[in-house]
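Structural description and commentary
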Amino acid sequence: MRIAVDHRTHYRFSKPQARLVQMLRMTPLGTEGQTIVDWNISVSCDAKLRYQPDGYGNAVTMLYADGPIEEIEIVVSGEVLTSETHGIARGAPEPMPPLVFRRMTPLTRADAAIAAFSDAIGDPSKNPAAWLQRLNHAVHERFEVTASASGTAPCAAPDCFTDTSLSPRGLSHVFLAAARHAGIPARHVGGYSLVPCVDRAHPRPHDWVEAHVEDIGWIGFDPSIGQSPDLDHIRVAVGLDSNETAPIAGSRLGDGKEEMDVELSVDQLGGGND
């Protein structure tokens, strides 16, 4: 399937900023499941862009812009050709061993309720892949899927677990907490998706997870649909939680308030699978 992405982030400042430094995790890498046909990052003002991998192997672009800056727009656009992998993620850089992804973070901590939820899924040692499928389905069935506003703080798993509806980001944190409690390495994935599981009128970057199973490797699970990611997902970045896969993170030097608008379109090209 050929998928086109146009992702625009517009910042406005109430007072001119002296300097901006932004880390952009907005460039997908080629894997067995996706081929990058074309991908570009452009900025509406003079800025220096430096490209480098991070510790997880993600493609990172560092943006440096000197002021005075009253507004800035970052435009990411491109096309990706996806292919069937049955949810298995292979071919991406893997500088970190899987055991790193058993470490819990403040966003993926398993409290007593999540631990009991995880234990109720059964014994993961007998068939880890089947256990993960059951976990994915259980998280999907427990919550209604809702959209989250851009720029909102991520929800920690213990806090999310008491809600009745969660964004894909919150669902992923619950999955990660439950999987890591069971001793299974699992990581957060940030990217894009065609799946109409949330607000299609105002699409957002998507979130799902990957878990590691011996003799298979990393397997993707999208709890917002209760299935594995397929042709309609573009994988961009991985990390321990959503803070480490955020499309844009950084700092600014200057007073005043900041406003951010995000426009995103994710469209299938050609009307069918390529």
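Residues numbered from 1 in each chain as written. Predicted model: local features only at pLDDT ≥ 70, side-chain atom pairs only at ≥ 80, totals over all residues. Heavy atoms only, no water.

**Notes on the overall build of the protein**
- Along its length, the protein carries four helices and 13 strands.
- Taken over C-alpha atoms, the radius of gyration comes to 19 Å for the protein, in line with the 19 Å a tight globule of 274 residues would show.
- Its C-alpha atoms put the protein at 60 × 40 × 35 Å along the principal axes.
- Per-residue burial over the protein gives 47% buried out of 274 residues. (Helix = DSSP H or I, 4+ residues; strand = E, 2+ residues; numbered from the N terminus. Rg over C-alpha atoms; globule rule 2.2 N^0.38 Å. Buried < 20%, exposed > 50% of the residue type's maximum accessible area, 1.4 Å probe, protein only.)

**Some remarks on the side chain of S224**
- Within the fold, S224 resides in the loop between strand 10 (217–221) and strand 11 (233–239).
- Given the relative accessible area of 3%, S224 is considered buried.
- At a separation of 3.4 Å, a polar atom in the side chain of S224 contacts the side chain of H206. (Polar contact = N/O pair within 3.5 Å; in protein donor to acceptor, adjacent residues only side chain to side chain.)

**So, the packing of aromatic side chains**
- Evaluation of the coordinates by the stated rule reveals seven aromatic pairs.
- Ring geometry for W39 against Y192: centres 6.4 Å apart, planes inclined by 45°, an arrangement best described as tilted. Taken as a pair, W39 in strand 2 (residues 34–43) and Y192 in strand 8 (residues 186–193) lie far apart in primary sequence, 153 residues in all.
- Its relative accessible area of 14% is what places W39 among the buried residues.
- Assessed through its relative accessible area of 3%, Y192 is described here as buried.
- Members of the aromatic cluster, connected to one another through ring pairs, are Y56, F101 and W218.
- In this structure, R142 is placed above the aromatic ring of F117, and the distance from its NZ or CZ to the ring centre is 5.7 Å.
- A cation sits over an aromatic face here: R142 above F161, 3.8 Å from the ring centre. (Phe/Tyr/Trp six-rings, centres within 6.5 Å; stacked < 30°, edge-to-face > 60°. Lys NZ or Arg CZ within 6 Å of the ring centre and 35° of its normal.)

**Topic: helix 4 (residues 168–181)**
- For helix 4, with 14 residues, the first-to-last C-alpha span of 20 Å sits near the 20 Å given by 1.5 Å per residue.
- Of all 14 residues making up helix 4, twelve are buried, and the element is well covered by its neighbours.
- Along helix 4, the residues classified as buried are P168, G170, L171, S172, H173, V174, F175, L176, A177, A178, A179 and R180.
- Backbone geometry just downstream of helix 4 places G183 in the positive-phi region, at approximately 85°. (Expected span 1.5 Å × (residues − 1).)

**Some details on the sheet that holds strand 11**
- Read from one edge of the open sheet, five strands run 5-10-9-8-11, paired in antiparallel fashion. Every interior strand has two partners, whereas the edge strands, strand 5 (88–89) and strand 11, have only one.
- Examined bridge by bridge, strand 8 and strand 11 share six bridges and lie antiparallel to one another. Bridging across to strand 11, G191 finds its partner in R235.
- In the packing of helix 4 onto the sheet, contacts are made with strand 8, strand 9 (206–213), strand 10 and strand 11, and the angle to strand 8 comes to roughly 160°. (Pairing = 2+ DSSP bridges. Contact = heavy atoms within 4.5 Å. Axes fitted to C-alpha atoms, helices over the stretch in contact; angles between N-to-C directions.)

**Notes on the packing of helix 2 (residues 128–142) against helix 4**
- Packing of helix 2 against helix 4 leaves a shortest axis separation of 10 Å and a crossing angle of 140°. Classified by chirality, the crossing of helix 4 by helix 2 is right-handed. Residues W131, L132, L135, N136 and V139 of helix 2 form the contact with helix 4, whose participating residues are L171, V174, F175, A178 and A179.
- Taken together, the residues of the contact of helix 2 with helix 4 sort by class into nine nonpolar, one polar and no charged. (Left-handed = near helix turned anticlockwise from the far one by under 90°. Nonpolar A, V, L, I, M, F, W, Y, C, P; charged D, E, K, R; others polar.)

**Some details on the pattern of salt bridges**
- Tallied over the full model, the rule gives eight salt bridges.
- A salt bridge links E79 to R2; the nearest nitrogen and oxygen atoms lie 3.1 Å apart. With E79 in strand 4 (residues 59–82) and R2 in strand 1 (residues 2–27), this residue pair connects regions lying 77 residues apart in the sequence.
- Ionic pairing is found between R12 and D261, a salt bridge with its closest N-O pair at 2.6 Å. (Salt bridge = Lys/Arg side-chain N within 4 Å of Asp/Glu carboxyl O.)

**Thoughts on helix 2**
- Taking 1.5 Å per residue as the helical rise, helix 2 with its 15 residues ought to reach 21 Å, and the 21 Å between its terminal C-alpha atoms agrees with that figure.
- For helix 2, the full list of buried residues reads A129, W131, L132, L135, N136 and V139. The buried residues of helix 2 occupy one face: seen down the axis, they fall within an arc of 155°. Facing away from the buried surface of helix 2 by more than 90 degrees, the exposed residues are Q133 and E141.
- Residues of helix 2 that are buried in the fold lie against helix 1 (112–120), helix 4, strand 9 and strand 10. (Arc of directions from axis to C-beta.)

**Some words on the nonpolar core**
- In terms of nonpolar packing, the biggest core is built from 29 residues, with L132 and L135 touching the most fellow members.
- Looking at this core, the elements with two or more residues in it are helix 1, helix 2, helix 3 (157–160), helix 4, strand 9 and strand 10.
- At seven residues, helix 4 tops the list of elements feeding residues into this core.
- In this view, L132 contacts F175, A179, I184, A211, V213 and F221; residues no more than four positions away in its chain are not counted. (Core = buried A, V, L, I, M, F, W, Y, C linked by side-chain atoms within 4.5 Å.)

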